[in-house]
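An overview of the molecular structure
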Amino acid sequence: MSISRRSFIKSMALNSAVAAASTLFPGIVFAGWKKTDLFSSTIAWKKAPCRFCGTGCGLLIGVSGDRAVAVKGDPNSSVNKGLCCVKGYHSVQVLYGKDRIKKAMIRKNGKLVEVPIEEALDLVAAKMKETIKNHGKDSVSIYGSGQWSIADGYTASKFFKGCIGTNNVEANARLCMASAVTGFMTSFGLDEPMGCYEDIDNADVFITWGNNMAEMHPILFSRMLANRKAKGDVQIIDFATRSTRSSQAADKSILFKPQTDLAVANAICYEIIRNDWVNWDFVNKHVSFHKGKTHIGYGTEDHFKFKDKAETIAFDEYKKFLEDYTPEKVEKISGVSAKDIRYLASIYGDPDKKVTSFWCMGMNQHTRGTWINNLVYNIHLLVGKISMPGNSPFSLTGQPSACGTVREVGTLTHKLPHGVVMNEKARKMAAAIWQVPEKNIDPKPTYHTVEMFRALDRGEIRFMWIQVTNPMVTMPNLRRYRNGALKDDRFIVVSDIYPTPTTDVADVILPSALWVEREGFFGNSERRTQHNDQIVPMPGDTMCNTWQLIQVARRLGFEKQFPWPQETYIEDIWNEYILFHDNPKHRMAPYKVLKARPGVQWPFVNGMETKWRYNPKYDPAAKGNDFDFYGKPDKRAWIWMRPYEPAAESPDSEYPFWLNTGRVLEHWHTGSMTQRIPILHKAMPSSYVEINPDDASDMGIVNGSKVKVTSRRGSVVMTASINGRGNPPKGMVFVPFFDESHLINEVTLDAFCPISKQPDYKKCAVKVERA
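Computed from a prediction, not measured in an experiment: that's the story for all the values here. Position numbers for residues start from 1 in each chain and track the written sequence from start to end. This being a predicted model, a pLDDT of at least 70 is required before a residue's local features are given, and a value of 80 or more before pairs of side-chain atoms are given or counted; all residues contribute to the totals for chains, interfaces and linings. As a convention, hydrogens and water are excluded, and side-chain values are obtained from all of the structure's heavy atoms.

Here the focus is the overall build of the chain. Segments assigned H or I by DSSP are reported as helices when at least four residues long, segments assigned E as strands when at least two residues long, and all are numbered from the N terminus. Across its full length, the chain holds 28 helices and 28 strands. Over its C-alpha atoms the chain spans a radius of gyration of 25 Å, differing by no more than 12% from the 28 Å that the globule rule assigns to 771 residues. With respect to the three principal axes, the spread of C-alpha positions in the chain is 70 × 65 × 55 Å. Buried residues are those whose accessible area, probed at 1.4 Å on protein chains only, stays under 20% of the maximum for their type, while exposed residues exceed 50% and partly exposed ones sit between those limits. Looking at the chain residue by residue over its 771 residues, the buried ones come to 65%. The size measure is the radius of gyration over C-alpha atoms, and the globule rule it meets is 2.2 Å times the number of residues to the 0.38 power.

Pairs of packed helices are described in terms of their axes, by the angle between the two and the distance that separates them. Two elements in contact, helix H21 (residues 449–458) and helix H23 (residues 478–485), have axes whose closest approach is 8 Å; the angle formed by their N-to-C orientations is 50°. One element, H21, and the other, H23, form an angle in the oblique class. Where H21 crosses over H23, the handedness of that crossing is left-handed. Contact residues: Val450, Phe453, Arg454, Leu456, Asp457 and Arg458 in H21; Arg480, Tyr481, Gly484 and Ala485 in H23. When its residues are assigned to classes, the contact of H21 with H23 shows 5 nonpolar, 1 polar and 4 charged. In this description, a line fitted to the C-alpha atoms serves as the axis of each element, helices being fitted only across the stretch in contact, and the angle between N-to-C directions of two axes falls anywhere from 0 to 180 degrees. By the definition adopted for this analysis, an angle is roughly parallel if under 35 degrees, roughly antiparallel if over 145, roughly perpendicular if from 65 to 115, and oblique otherwise. The crossing is said to be left-handed when, going from far helix to near helix, the turn is anticlockwise and less than a right angle, and right-handed when the turn is clockwise. By definition, residues are in contact when any of their heavy atoms lie within 4.5 Å. Under the scheme applied, nonpolar residues are Ala, Val, Leu, Ile, Met, Phe, Trp, Tyr, Cys and Pro; charged residues are Asp, Glu, Lys and Arg; polar residues are all the others, including Gly.

A few words on the pairing of strand E6 (residues 111–115). Two strands pair when backbone bridges link them, and strand E5 (residues 104–108) and E6 are joined in this way by 5 bridges, in the antiparallel orientation. From the neighbouring strand, Arg107 faces E6, where its bridge partner is Leu112. Here E5 folds back onto E6, and the loop between the two strands holds 2 residues, one of which, Asn109, carries a positive phi near 55°. The pairing criterion for strands is at least two bridges between them, as found by DSSP.

Moving on: helix H6 (residues 150–164). Helix span, expected: 1.5 Å multiplied by one less than the number of residues in the helix. In a regular helix each residue adds 1.5 Å, so 15 residues correspond to 21 Å; H6 covers 20 Å between its end C-alpha atoms and thus fits that length. Here H6 lies mainly inside the structure; 15 of its 15 residues are buried. One or two residues past the end of H6 sits Gly165, with phi positive at roughly 90°.

It is worth spelling out the pairing of strand E10 (residues 235–240) at this point. The side chains of a regular strand alternate between the sheet's two faces. The buried fraction of E10 is high, at 5 of 6 residues. By the bridge criterion, 5 bridges tie strand E9 (residues 205–209) to E10 in an arrangement that is parallel. Counted as the bridge partner of Ile207 is Ile237 from E10. In the sheet, E10 pairs with strand E11 (residues 252–255) via 4 bridges, with the strands oriented parallel. Considered in E11, the bridge of Asp238 is made with Ser253.

Here the focus is the pattern of salt bridges. Any carboxyl oxygen of Asp or Glu within 4 Å of a side-chain nitrogen of Lys or Arg constitutes a salt bridge here. Taken as a whole and assessed by the stated rule, the structure comprises 55 salt bridges. The salt bridge partner of Glu690 is Arg242, with a shortest N-O separation of 2.9 Å. Remark: Arg242 occurs in the loop between E10 and helix H11 (245–249) and Glu690 occurs in strand E24 (residues 689–691); sequence separation between them is 448 residues. The same class applies to Glu690 and to Arg242, which are both buried. Note that Lys763 is salt-bridged to Asp760, the shortest N-O span being 3.0 Å.

All right, on to the environment of Arg342 then. On the secondary structure map, Arg342 appears in helix H16 (residues 338–349). Excluding residues within four positions of it along the chain, Arg342 makes contact with Glu271, Arg274, Pro327 and Glu328.

Attention shifts here to the side chain of Glu576. Along the chain, Glu576 turns up in helix H25 (residues 569–577). Among all residues touching Glu576, those that are not within four sequence positions of it are Tyr154, Lys158, Ile433, Trp434 and Trp564.

This next bit is on the sheet that holds E9. Here we have 5 strands laid out as an open sheet, ordered E11-E10-E9-E14-E15, and parallel in their pairing. Looking at which strands have only one partner, the edges of the open sheet turn out to be E11 and strand E15 (392–395). The average undirected angle you get between the axes of adjacent strands in this sheet is 15°. Note that E9 and strand E14 (residues 355–359) share 5 bridges and pair parallel. Its bridge partner being in E14, Val205 is matched across the sheet by Val355.

This paragraph deals with the state of the cysteines. Only a pair of cysteine sulfur atoms within 2.5 Å counts as a disulfide in this structure description. Applying the stated criterion to the full structure yields 0 disulfides. For Cys84, which is in no disulfide, the shortest distance to another cysteine sulfur is to Cys57 and amounts to 6.2 Å.

What follows is the structure in C-alpha cells.
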C-alpha cells in the first residue's frame, strides 16, 4: 500500500452513531448511513448472500432510501440461521469507502486520469482487437475471481473461449481451491462435496486438517461448538502446524511438521487396516485401488509440464505400500506421536462415531495438494464414513463463489461449463449453446494462473483483463509478476472497486459495482446457489462486471452471442447457463425458485434439493439401493496410493525457519475491502509476524519489535507478535497476507502441485532477524 493510501485508510473514522445504534438494536449492525437515516424512514430488509468467504451466509440488508444502512443474519438461511461473523455484520460499509472508484480511468502520459466509461470501454475493445491482430488470439487473457458472480464468470468464459477462441481464462480460485477440485475429480470423478452443512449437526467428531475454522469459517465453527454444547460428548480435534484460536477451542490439538500430513494420513490408513477397522462390505462394493506417478516435481521452472497416469492395483499392493507408514516411522517424520496417530485412527475406525473432516487452504495450498485430498478421502472410504449425515470429508471454500463461478461455470483454462475443452462432446455442447462454430473452442488448454503470469512476463501474453481480484498482492514470488505487468508493451485492464497495488499497474481502470448494487448469483461450499436482487443503486459510473464484458464483446462484433437487454440480462444468462447442467447429476434450480428462497442446493431434481450425493436415499442421480459413485467409469470411489514427498523448499542453515502465510478473522484476503471498514481496520490495522516465544528469546526479539523476514526471493520488515492469538512451533513463523504495505508474497515461493497447479503458500524457507 502506498503511504498516501495507507494514511487515507487510517484516517477514516467510524461514525459514532453506528456504535450507538448497534447498542440499541442488538443483533443488527448499522453501517454506511447518514445520521438521519435511522429516524427518517422505515428500514426495508432485502436478502443477499454474504460478500466474504465461501460459507455463503444469508444476510438481510437494511435499506433506507437508496442506501444500505444495516445488516443482520437471515433467520431463514439454513447456512447461518440468523448469525453473522464480524465481517458479515459490517459488510455493507464496504459500499461507502471514501476512495471508492466511481469513474473510469485511462493512463495518459504515465498518469491515470478520469474519463467517461464509454471512452474506457472503447479503448479496451480497441486494444484487444489490436493485440489479437498483431500477436494472435492467445496473446489476450482474462483473470477473474471467486468473487465474480456466476453471470460474470459465465460471460467471461463465453466471450473468451467461445467468441475469441482462447483458453486464456483463469481465476484466483486456482490459488485457493484447485487442489480441492483435482482431489474430488481423481477420487470421485466429479467436483464438489458430497455432504452439506447439516453434517455439522449430525457428527460426533470433527477433525480439522490444517484449518483454523474459528477465524476462517467462524459461523461453521460456531455451529460445531453449538453441537458439542448440546450433546456433551462431541469432540473437536485440531490437526495443524501452529496453535490458533481453533486449537484453544478444540478438545485436543495435535501439531505436525509442514508437509508431513501426507505421512500421517497414510499412517492412519495403516492402523485402520492393521486393526481390521475396514468396512469391508463398503470397500468391496464401492471402492477400487489405484496408483499414479511419484517424484512429480514442484513447478518452479517456466513451461513445467506434468500429466499423471493412473494404474489400477490390488488391495494387497496398497496394504504393502502402507508398511512404510507405521506410526513409529511416521512419528520420526512428522513429530506426531505414535500414540496420537493411533488415537486418530481409532476415531475414524470406530463404527459408532460419525466423523466429519474439514479442511481448506492448509491442504489445498500444498505442493502435493491433490495427494493430501486423496489421502483424507482414503481414510473415509476405508471405513465407509461418507455420503451420510455426519460422516463426511468436507473441503471448505475460501471465496463467496469459488464453487459457483469458477468450479461450476469453469473459469479455468481447461474447463467449460460442463466438462473440459479437451472433450469433443463438451466442446460441441458449448458451441451449440453459445452459437459459435465448434472450431472456435480450442481443444488445448493454455496457461494456469502461475504460468499465465509467467507468460505475461515473457511476452506471450500482451493484454490482461483483471476483474475484482488483486494479484499484485496475492501472487507468490510477487516481484517477478509485478515487474512483468509493468513492461512497456503490456496492456493491463483492471475492474475493481477501490485502488489497490493491482490498479497501480493498470492502463485502464473500470469501476465495478458491488454485489448488492447489482443482481447476481453465487455458489457456496455446500453446492448452494444463492440469488440477490439489486438492492441499492450503482454509484457514479460503476458498472456490473458482466455488463462491462458484454459491452466490450459487442464492440468486437459479438452482438449475436450477447443479445440480452439490460433490464433482464442476468435472468437471461442464468437461463442459458443452466442448459449446461440439465441432467440429474448437476441440475440447477430455475430462476424463479432461486429468487424466492435463501438458496438451493444442486442437484435440484423434481423440486427437491440434494443434501448428500452418491447415496440413493438422498440423491436422485444415484441408482439402486446402495451407494453409487457415478462420477467414475467403474461406478466406484478411488483409493489412491500416494506417498509422502518433501516440500519444494525446506529450512537449512542459511534460511532456518518455515514461513507459513494465511488470513485473520477481521480481514478477507488482501484487505482491499475490509481495511476500508473502519471497525475492522481499527481491530487489526496492520500485519505482523508470529514468532515462537523460545525462538524470539534466542534472537533477542520482544513483542512489538521490528523484524526482517527474508527468503531467497525477497524480504519484508514487520512487527513481531509473540504469544498472540496464534503461536507457531519452534522453527516456524506465520504472516497474514491482508496488508498491502507488508507484501509477504515477495518472500513466498511459486512452487505448486503439479496436478492442480495450485501454489503452496504454507511452506518456504526464510531467515528472521532484528530490523
